[in-house]
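Residue strings, one per chain:
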Amino acid sequence: MKLTYVSESTSFCDVKYGESIADALLKLGVSHDAPCGGNGKCGKCRVLCEGEVSVPDDEEKNVLGKLINDGYRLACKAKICGDVTVYGKTADDCTVQNSDLAIPDGVVCVDLGTTYITAAKNCDGITRFYTFKNPQSVYGADVISRVSSSEDHLDEMSACVKKRLCEVVPDFEKSKKIISANTVMQLIYDKKSPASLGYYPYESPDLFGYEKDGITYMPCIGGFVGGDVVSGLFYALHTGKITEKTALYIDIGTNGETVLIHNGRMLSCAMAAGPCFEGAGLECGMRAQKGAVSAVKEENGKLSVSVIGDTKATGICGSGIVSIISHFLKTGKLSPSGLLEKEKLFITDDVYITRKDIRSLQSAKAAIGAGISVLCKRMGIAKSDIDAVYIAGTFGEYLDKEAAVSIGLLPDSECKTLGNCSLFGACLCTQDESVFDKICTFARKIEYIELSDDDEFTDEYINASFFE
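Anyway, here's the lowdown on the structure attached to this text. Everything numeric in this text was worked out from a predicted model, so none of it was measured. (Residues numbered from 1 in each chain as written. Predicted model: local features only at pLDDT ≥ 70, side-chain atom pairs only at ≥ 80, totals over all residues. Heavy atoms only, no water.)

When helices and strands are tallied, the chain shows eleven helices and 23 strands. Whereas a compact globule of 468 residues would reach a radius of gyration of roughly 23 Å, the chain reaches 22 Å, a difference of no more than 12%. Reported as C-alpha extents along the three principal axes, the dimensions of the chain are approximately 65 × 55 × 45 Å. For the chain, buried positions account for 56% of its 468 residues. Contacts in the chain between residues at least 24 apart in sequence constitute 66% of all its contacts with a sequence separation of at least 6. For the chain, the exposed area adds up to about 20,000 Å²; of that, 46% sits on carbon and sulfur atoms. Separation between the mean location of the 49 positive side-chain charges and that of the 65 negative ones in the chain comes to 3 Å. (Helix = DSSP H or I, 4+ residues; strand = E, 2+ residues; numbered from the N terminus. Rg over C-alpha atoms; globule rule 2.2 N^0.38 Å. Buried < 20%, exposed > 50% of the residue type's maximum accessible area, 1.4 Å probe, protein only. Contact = heavy atoms within 4.5 Å. Areas by Shrake-Rupley, 256 points an atom, 1.4 Å probe, with all protein chains shown as cover. Lys, Arg positive; Asp, Glu negative; His and termini not counted. Charge placed at Lys NZ, Arg CZ, Asp CG, Glu CD.)

Given below as C-alpha cells:
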C-alpha cells in the first residue's frame, strides 16, 4: 500500500494496513498540529484525503462535523486500509528577520520553544533570526504531552528538531550551538528522557549549565523553570532593562515561567498555561504574524479589528484572544464565569472564537494568576507592591496591557515588554566567554517553588478562574 502526499511537490511512502495517516506523514517529514497529543480531541491535525481509509467513529464525526463530507479526516484517527492520497503543505513556514545584534561567525543561538523555535545566525555579516514552528508539535502541544510522548519517541523527537534546524539555518550542523530552552526541551534535544518530570517529585535528571560536543546548554532552575528563563532574566538585569526593586518577570508561553524579584531575592515557579497564548490550541489560532487578529475595540457601535500586517484576518494570536475576551466581557457577550453568549462568535467573516477557546484561556489565565499570587505570598508582599511587570517573549509585542489586567491575567502594575530575552541572553554569551559562567552563577541564586502539590496554588487557581 502507498500514501501519496501532494502539495508544492509530490512524495510517496509505503504504508502498512491499519497505520494512521499521522504516522505515515511522519515518515515523509510532514509535521502537523496535534495539541491533544494525537488523541482525537482537538481537530488540529485534520487533513484532506481520498482513498481507502477507515470509517470515522463517533468521536471523529463530532470533532470534524460537516468537514467529513468534504473529505477531511483527523490524521491521528484515520487508519489506512489501502492506497491513500493526502493534500496539504509539506513544511511549516519560516520567517526570517534581520537583527542589529552582533554575533560572531560559526555560532548559532537557539531559543528552543515548545511551540516556536527562533535561531540567530550571522550570515555574511548580518545577524538573521529564523522563526518556525517546533516540529515536535505532532507529539503534543505542551511540555506534559511531550514528556509522555518521549517515552516511546525520544529519538524521533530530538531528530525532528535538529533536522528542521539544519533545513532552515545555514551551516547549522557544523556551527557551535547555544541552546536556551525550558528543561523538557533541553532534555529531549540532548536525548535524555524527561520521564521523571511526569510524576512527583518532578525532578529533572539534568539541570545543564555546561558545554558538550560543541553545544552549550543554559542552566535550568528546576523541572519546569528552564534555561530560557535564566538566560532571559540575566539579559534583562545585565542590560539594565529591569531596575525596580520589586518586579515580576514573566514568559507567557505554554509553560508560564515567572520570577518575582524583591529587594534582591528571586523566587520562581512555572504554571502549565498550555499553548493558547501562542495561538496554538485555539480553533482559529495562529502565531503573531501577518494575518493574525492582535486586538479588537468598539468604534461607532461596530467591532474594529486590528490585524498584523494590515491585511485580511486569517486567525487569532495570543494577544488577540486576550483583547477579544476583554471586549466581550465589557459588552456582556461573555460572563465573568466564562460563559460565552453563543457556542461560536465571529470576529470577522472567517475568524471566530468558541466556548472551547474560552475554557482554554480561562484555565491558562487562572494558572498564571494563581502562580503570581503564591509567589507574592511566599515573598511576603501583596500584588499591589509589584512596581512593574516585564513580559518576555513575542506574546507581549502586541498585547493590550489594559485588557490583560482587566481579565485578571496580570497585576495592575506598569507593564513593559522585553521581546525574546531567552535568545538575547544566548547571544550575550557569544560576546564574552565569561558571560556563560556568570549566567551559571546567577542561576544558583534563583529559588524554585514546585506548585503542583501546593494547596495554596489550588485555592488561588479557583479564585483566579473568574474573568475579573
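Attention now moves to unusual backbone geometry. Note the cis peptide between Tyr 200 and Pro 201, where omega equals 10°. Tracing the backbone shows Pro 201 in the loop between helix H4 (183–189) and strand S11 (210–212). Positive phi outside glycine occurs at Lys 191, with the angle close to 60°.

For helix H3 (residues 143–168), which comprises 26 residues, the first-to-last C-alpha distance of 23 Å sits more than 12% below the rise-based estimate of 38 Å (1.5 Å per residue). N-cap assignment for H3: the residue whose side-chain oxygen lies 3.3 Å from the backbone N of Ile 144 is Asp 142. (Expected span 1.5 Å × (residues − 1). Polar contact = N/O pair within 3.5 Å; in protein donor to acceptor, adjacent residues only side chain to side chain.)

With respect to topology, seven strands assemble into an open sheet ordered S6-S9-S8-S7-S10-S12-S11, the strand pairing being mixed. The open sheet has two edge strands with one neighbour each: strand S6 (94–99) and S11. Put simply, the sheet's adjacent strands are angled 20° from each other on average, direction ignored. Of the strand pairs in this sheet, S6 and strand S9 (residues 126–133) are connected by six bridges, and their pairing is antiparallel. By the bridge assignment, Val 96 is partnered in S9 with Tyr 130. Relative to strand S10 (residues 176–181), helix H5 (residues 227–238) is tilted by about 95°, and along the sheet it contacts strand S7 (107–112) and S10. (Pairing = 2+ DSSP bridges. Axes fitted to C-alpha atoms, helices over the stretch in contact; angles between N-to-C directions.)

Viewed as axis vectors pointing N to C, H5 and helix H10 (residues 433–443) meet at an angle of 105°, and their least axial separation amounts to 10 Å. Regarding the angle of H5 to H10, the classification is roughly perpendicular. The residues of H10 that touch H5, namely those facing Val 230, Leu 233, Phe 234 and Leu 237, are Val 435, Lys 438, Ile 439, Phe 442 and Ala 443. Tallied by class, residues from the contact of H5 with H10 come to eight nonpolar, no polar and one charged. (Parallel < 35°, antiparallel > 145°, perpendicular 65-115°, else oblique. Nonpolar A, V, L, I, M, F, W, Y, C, P; charged D, E, K, R; others polar.)

What follows is about the pairing of S7. Counting buried positions along S7 gives six out of six residues, so the element sits mostly inside the fold. Here S7 shows a buried face lined by Val 107, Cys 109 and Asp 111 and a second buried face lined by Val 108, Val 110 and Leu 112. With six bridges connecting them, S7 and S10 associate as parallel partners. Within S10, the residue paired with Asp 111 across the bridge is Ser 180. As defined by bridge partners, S7 adjoins strand S8 (residues 116–123) across five bridges and the pair is classed as antiparallel. Along S8, the bridge assignment pairs Val 108 with Lys 121. Hairpin connection from S7 to S8: three residues lie between these consecutive antiparallel strands.

What follows covers the sheet that holds strand S18 (residues 315–316). Across the sheet, three strands lie side by side as S17-S16-S18; this open sheet has mixed pairing. At either end of the open sheet lies a strand with only one pairing partner, and these are strand S17 (302–307) and S18. When strand S16 (residues 292–299) meets S18, the two strands line up parallel, connected through two bridges. Counterpart to Val 293 in the pairing with S18 is Ile 316. This element, helix H6 (residues 318–331), spans S16, S17 and S18 of the sheet and lies at about 25° to S16.

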